[in-house]
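# Reading the structure
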Amino acid sequence: MLADEAIDVYNHGRMSRDFTYIDDLIDGICGLIEAVPGDAPVSDRDSLSPVAPFRSVNIGANAPTPLMDYISAVEGAIGTKAKKNMLDMQAGDVPATWADAGLLKDLTGVTAKVDVKTGVRNFVDWYRGYYNV
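Structure report, in brief. (Residues numbered from 1 in each chain as written. Predicted model: local features only at pLDDT ≥ 70, side-chain atom pairs only at ≥ 80, totals over all residues. Heavy atoms only, no water.)

### Details of helix α2 (residues 67-78)
With 12 residues, α2 should cover 16 Å at 1.5 Å per step; its first-to-last C-alpha distance of 17 Å lies within 8% of that length. Buried residues of α2: Leu67, Ile71, Ala73, Val74, Glu75, Ala77 and Ile78, and no others. Its buried side turned inward, α2 meets β1 (7-9), β2 (16-17), β3 (65-66), β4 (84-86) and α4 (116-131). Looking one or two places after α2, you find Gly79, whose phi comes out positive at around 90 degrees. (Helix = DSSP H or I, 4+ residues; strand = E, 2+ residues; numbered from the N terminus. Expected span 1.5 Å × (residues − 1). Buried < 20%, exposed > 50% of the residue type's maximum accessible area, 1.4 Å probe, protein only. Contact = heavy atoms within 4.5 Å.)

What follows is the structure, given as structure tokens:
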């Protein structure tokens, strides 16, 4: 978009994703350092293995965002309207994904704090500064 080139938008923009800001991801990982698996699950969502001391934990915003809202946030942060190639769904893709971060909250108390619009603006500001654009 900064190069004034068109972006590919699959499924004609009818998609949602759970965008997670890097600071929220780091908070989740750091919180899990102290959440060493014990002998008993911490909640009914716990994936603690009965045969090995591990569990799987989703880290995410727990808030699917429509792709077109995300693109609008990028446009707002950049200050230009995107040229869009509206395309059909790619083979193997899905229309919506998101993380259920309930177990992360149960284990650590950590929840995502940075909304998509703020996260995109922070990223664009960083990108422009880092690449001098």
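### Some remarks on the environment of Lys84
The residue Lys84 is located in strand β4 in this model. Placed 74 residues apart in sequence, Lys84 and Tyr10 show a C-alpha to C-alpha distance of 9.8 Å. Ignoring anything within four residues of it in the chain, the contact list for Lys84 reads Ile7, Val9, Met68, Ile71 and Glu75. Side-chain polar atoms of Lys84 contact the side chain of Glu75, separated by 3.2 Å. Within the local environment of Lys84, its side chain forms a polar contact with the backbone oxygen of Ala82, the two atoms lying 3.5 Å apart. (Polar contact = N/O pair within 3.5 Å; in protein donor to acceptor, adjacent residues only side chain to side chain.)

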